[in-house]
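# Coordinate analysis (summary)
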Amino acid sequence: MPELPDVEIARRRLERSLAGATIRAASCNDRWLLRPRSPAHFSRALAGRTVRSVARRGKWLRLLLDDGTRIFSHLGMTGEWLNADDARSEARSERARLDVARDKHGASSVRYLDSRRFGRLVVSERDITEWTELGPDPLADGIDVSRFAAALQRRRGAIKAVLMDQTVLAGIGNIIATEALWRARMDPRTPSNRVDGAGAARLARALKAEILHELRMRTRSDDYRQNVFSVYGRAGEACKRCGTTIQRTVIAGRTTAFCPRCQVRSMKALHRRRPSSR
Ligand SMILES: [Zn+2]
C-alpha cells in the first residue's frame, strides 16, 4: 500500500509532467473512483484548464487548476500515475487519462492506473474534508515537537496506532510507524499518553529520518524493498542492533514487528539509551 514516500514520488512525477501544462482533454472510465461526481463532469471541468501546482499532504495529492478547480487523488492500494509512454502502463487497469500540452515539451499524456480500485479521484471547487482534516505532513510541514507531544498526550491507544492516525500526522502507514519506533527504541504497545516530551522529540527525529531514508531508497531502485527495513517483515530474524529475535504482534488490526529487548515502554529506560545512529 502506498505510504508517504510513494505518494511524494508520484507528486514529483506529476509536477514534472503537469505543472504549467494545459489539459487538452480529460477522461475517466470509472464512476466509482470519481464519486460523487461523474465521468462527464470530470471531462467538462478539466478540459482547457492549466495546472498551477501539484501538492501532497499525507497520502493525498492535490492538483490545483487555474480556475480554482482541484483534483484530489488518493492512490488507495494499487493506484499509480504514469506517463503514457511508460513501459509499465497496462491499458487494462487504466482508469483516467489527461492529455496535456506544454510550451517547450509539446503534447503528452498522463494516465491513472488502479487495478484494485481502492483509490479516489475527486474533482471539487474547494478543498475536501479528507484533505482539510489531515494533521501536519512530516515532510511538507515538518513536525512541531510541542504540538506533536501534546497530541500524543491526548490519546490513550498504543503509540503505533496513534502514529497511523492521519489527524495526528499525515502519511504515516504501517511501514514507517514500525521502522520509526525501532529507530526510536520505543515499544509499539507503549500507551500514547505515557510518551513524554523527550520521547516525542525522539520519535519525531526517527520519523523524519525514516521518511528521508525510504525516499532515498525508492528513488534509487524499483526493488527497494530488498533489505531496506530493519524490523518490518523481519519477525523471527535477529535484531540488527542487539541480535534478539524480532517478534510479531497485532496492533489495531495491523501486524507489527518489534525487538522485545531494545524497544522499551519505560521512558526512563528509553532516555538512558542513546538514540540509534542509523
Ligand atoms: Zn534489538
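For the structure given in this document, a descriptive report is provided here.

Rules and cut-offs
- Residues numbered from 1 in each chain as written.
- Predicted model: local features only at pLDDT ≥ 70, side-chain atom pairs only at ≥ 80, totals over all residues.
- Heavy atoms only, no water.
- Core = buried A, V, L, I, M, F, W, Y, C linked by side-chain atoms within 4.5 Å.
- Buried < 20%, exposed > 50% of the residue type's maximum accessible area, 1.4 Å probe, protein only.
- Helix = DSSP H or I, 4+ residues; strand = E, 2+ residues; numbered from the N terminus.
- Contact = heavy atoms within 4.5 Å.
- Axes fitted to C-alpha atoms, helices over the stretch in contact; angles between N-to-C directions.
- Parallel < 35°, antiparallel > 145°, perpendicular 65-115°, else oblique.
- Left-handed = near helix turned anticlockwise from the far one by under 90°.
- Nonpolar A, V, L, I, M, F, W, Y, C, P; charged D, E, K, R; others polar.
- Polar contact = N/O pair within 3.5 Å; in protein donor to acceptor, adjacent residues only side chain to side chain.
- Donors = N, O, S within 2.8 Å, 3.2 Å for Na, K, Ca; no water.
- Arc of directions from axis to C-beta.

## Re the nonpolar core
In this structure, Phe148, Leu163, Leu203 and Leu207 are the most contacted members of the largest nonpolar core, which totals 30 residues. Those elements giving two or more residues to this core turn out to be helix H5 (145–153), helix H6 (159–163), helix H7 (174–183), helix H8 (197–220) and helix H9 (267–272). In terms of residue count, the dominant contributor to this core is H8 (six residues). The residues contacting Leu203, other than those within four sequence positions of it, are Phe148, Leu152, Ile159, Leu163, Ala180, Leu181, Ala184 and Met186. Grouped together as the second largest cluster of nonpolar side chains are 28 residues, Ala45, Leu65, Tyr112 and Leu121 included.

## A few points about the packing of helix H1 (residues 4–18) against H8
Between H1 and H8, the least distance of the axes is 9 Å, while the angle of their chain directions is 55 degrees. One element, H1, and the other, H8, form an angle in the oblique class. Considering how the two elements wind past one another, H1 and H8 form a crossing that is right-handed. Residue-level inspection shows Leu4, Pro5, Asp6, Glu8, Ile9 and Arg12 of H1 in contact with H8, the latter providing Ile211, Glu214, Leu215, Arg218 and Thr219. Its residues assigned to classes, the contact of H1 with H8 shows five nonpolar, one polar and five charged.

## With respect to the environment of Ser109
Topologically, Ser109 is positioned in strand E7 (residues 106–114). Considered as a pair, Ser109 and Ala170 are 61 residues apart in the sequence and their alpha carbons are 29 Å apart. A distance of 3.4 Å separates polar atoms of two side chains, one belonging to Ser109 and the other to Arg97.

## Quick word on the coordination of the zinc ion
At this site the zinc ion is bound by Cys239 (SG), Cys242 (SG), Cys259 (SG) and Cys262 (SG), with donor distances of 2.3 to 2.4 Å. Of note, the zinc ion draws all its donor residues from one chain, in the sequence arrangement C-x2-C-x16-C-x2-C. Here Cys239 is found in the loop between H8 and strand E9 (247–251), whereas its partner Cys262 is found in the loop between strand E10 (254–258) and H9, with 23 residues between them in sequence. Neither residue differs from the other here; Cys239 and Cys262 are each classed as buried.

## Some remarks on H5
Those residues of H5 lying buried are Phe148, Ala149, Ala151 and Leu152. Considered in projection along H5, the buried side chains sweep an arc of 160 degrees and stay on one side of the axis. Of the exposed residues in H5, those oriented more than 90 degrees away from the buried face are Ser146 and Arg147. On its buried side, H5 packs onto H6 and H8.

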